[in-house]
Amino acid sequence: MNAAITATAKYLPDGILSNLDLERMLDTNDEWIRTRTGISERRILRDPEKATSYICGEVARQLLEKRGMTADELDLIIVATMTPDMLFPSTACLVQDIIGARNAWAFDLNAACSGFLFALNTASRFIESGAHKKVMVIGADKMSSVIDYTDRSTAILFGDGGGGVILEPAAEEGYGILDARMYSDGTNGKDHLLMKGGGSRHPATHKTVDERLHYIYQDGRMVFKSAVTSMANVAVEIMERNGLTAENVSWLVPHQANQRIISATAERMGISSEKFISNVGRYGNTTAGTIPICLAELDEENKLHPGSNLVLCSFGAGYTWGGMYVKWQ
Ligand code: COA
């Protein structure tokens, strides 16, 4: 049986970092940011005591409530993140503790901006195989913890937030996650979008801090080119493999990195602006959070109906990218 999404939820912190705020901090301006990226503001988790697990915990509690289930019923929790609270234990184990999911096993998955799709694809296999009945998949990042707010090329792009879903066996055949294509290209991706410090290659030292190695580094132009091509290619591939057309796609749910990447993907698919969701203007790039946040917003606005055809697609560090076809249950 296919895996179907049976609940959605999102959490965005209240703190707002606007383009005008950034103008005061950096040599940049609102017009430049909006025309290059489509972003006007982002959310920031300002409380230093709160980390990614806090975002996940808020999402997890809502998911259980919306689905009307107890934490004990969960078989598995997967958290997609590149900003875990700590290198170990996994943030998924912290979420298990927060909600008291005593019967679940839990692990993190890191595929940067493609993390949620990679996790959703992984989780769906446990349902399809019959191994599990109830899986929680969360994508969340506290990007403000790895952003250098003196670097105008990256500080403008990212925000904090997360979202998640519950996956269960579909009630009827032909619904749920019907297809997925996932890709990685470490050869071309490994040098253009990365955080050098904090891992086993450059463990934290005074030197790594002085050299600012614990922040994101990105060659924006290189990443942009690959993102546009790869996200559009995989979205079109999903359409072709599943007989989807511009007419019968109900929603394109793209990773929210940059409005120009989203629009280019929609254009290649031949779909019009009322068929894709874009909230990058309000939240910036929340990395593993963007796609589940979009799903939760569509769900809250009653824009998802039984039989709605969704194409999900993402691109991120690695490089990693992927596409998925979901027929909404
Ligand atoms: N404000 C003002 N000027 C800025 C700026 C900012 N925040 N950031 C960079 N610039 C300047 C650059 O210094 C450069 O000046 P120069 O020509 O004098 O050297 C100029 O603007 C153009 O920079 P460039 O990097 O070519 O801009 P761009 O059009 O490629 O846009 C990004 C930059 C980051 C918005 C764009 O490359 C992008 O979106 N890349 C993909 C990022 C992404 O989505 N990453 C996550 C993937 S999941």
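Every chain is numbered independently, its residues counted from 1 as its sequence is written. The predicted nature of this model means local features are confined to residues of pLDDT at least 70 and side-chain atom pairs, given and counted, to a pLDDT of 80 or more, with totals for whole chains, interfaces and linings taken over all residues. Only heavy atoms go into the side-chain values, all of them from the structure, while hydrogens and water stay out.

Q: Got a minute to help me understand the packing of aromatic side chains in this structure?
A: Between the rings of Phe, Tyr and Trp (Trp by its six-membered ring), a pair exists once the centres lie within 6.5 Å; its type follows the angle of the planes, with under 30 degrees stacked, over 60 edge-to-face, and the other angles tilted. The tally for this structure, following the rule as stated, stands at six aromatic pairs. Here Trp105 and Phe107 contribute two aromatic rings whose centre-to-centre distance is 5.4 Å and whose plane-to-plane angle is 35°, an arrangement assigned as tilted. Classification of Phe107 as partly exposed rests on a relative accessible area of 23%. Ring centres of Tyr183 and Trp321 lie 5.5 Å apart, and the angle between their planes is 20°; this geometry places the pair in the stacked category. Taken together, the residues Tyr183 in strand E8 (residues 176–184) and Trp321 in strand E13 (residues 320–327) connect sequence positions 138 residues apart. In textbook terms, an aromatic cluster arises when at least three aromatic residues are bridged by ring pairs, as seen for Tyr183, Phe315, Tyr319 and Trp321. Using a 1.4 Å probe on the protein chains alone, a residue whose accessible area is under 20% of its type maximum counts as buried, one over 50% counts as exposed, and one in between counts as partly exposed. Elements are defined by DSSP. Helices are runs of H or I of four residues or more, strands are runs of E of two residues or more, and each kind is numbered from the N terminus.

Q: Teacher, can you tell me more about the pairing of strand E7 (residues 160–169) here?
A: Within a regular strand, side chains alternate between the sheet's two faces. Of all 10 residues in E7, nine are buried; the element is thus mostly enclosed. Pairs of strands are assigned from DSSP output, requiring at least two bridges between the strands. Of the strand pairs in this sheet, strand E1 (residues 3–11) and E7 are connected by eight bridges, and their pairing is antiparallel. When the bridges of E7 are listed, Ala4 appears paired with Glu168. For strand E6 (residues 135–142) and E7, the ladder comprises eight bridges, and the chain directions are antiparallel. Bridge pairing links Val137 to Val165 in E7.

Q: Just to check I follow, could you spell out unusual backbone geometry for this structure?
A: Glycine aside, residues mostly have negative phi angles, and peptide bonds mostly take the trans form. The peptide bond linking Phe88 to Pro89 adopts the cis configuration, its omega dihedral lying at 0°. Along the chain, Pro89 turns up in the loop between strand E4 (76–80) and helix H4 (91–99). Residue Tyr319 is bonded to the preceding Gly318 through a cis peptide linkage, with omega at -5°. Positive phi values are uncommon outside glycine, yet Ala112 reaches one of about 50°. Mapping Ala112 onto the fold places it in the loop between strand E5 (105–109) and helix H5 (115–128). Judged by its relative accessible area of 6%, Ala112 is buried.

Q: Is there a simple way to explain the domain arrangement of the protein in this structure?
A: Note on interface size: it is often stated as the accessible area lost on association of the parts. For every domain, the bounds stem from an assignment made automatically or drawn from a database. When the domains of the protein are assigned, the result is domain 1 (3–169) and domain 2 (176–327). It only takes one pair of heavy atoms within 4.5 Å for two residues to be counted as in contact. Tallying the contact residues gives 53 residues for domain 1 and 47 residues for domain 2. Buried area: the accessible area, evaluated with a 1.4 Å probe, that two parts lose upon being put together, summed over both parts. At the boundary of domain 1 with domain 2, total buried surface from both sides reaches about 3,700 Å², with 63% on carbon and sulfur atoms. Per-residue buried area on domain 1 facing domain 2 is highest for Lys10, Cys113 and Leu117; these three make up 18% of the total on that side. The working definition used for a salt bridge is a side-chain nitrogen of Lys or Arg within 4 Å of a carboxyl oxygen of Asp or Glu. In this structure, Glu300 and Lys10 form a salt bridge, with 3.0 Å as the shortest nitrogen-oxygen distance. Two N or O atoms count as a polar contact when they lie within 3.5 Å, although within protein this holds only if one can serve as hydrogen donor and the other as acceptor, and sequence-adjacent residues are included solely when both atoms are side-chain atoms. If you look at where domain 1 meets domain 2, you find 17 residue pairs in polar contact (both at pLDDT 80 or more). Looking at the side of domain 1 that touches domain 2, the elements that each hand over two or more residues are E1, helix H2 (30–37), strand E3 (41–44), H5, E6 and E7.

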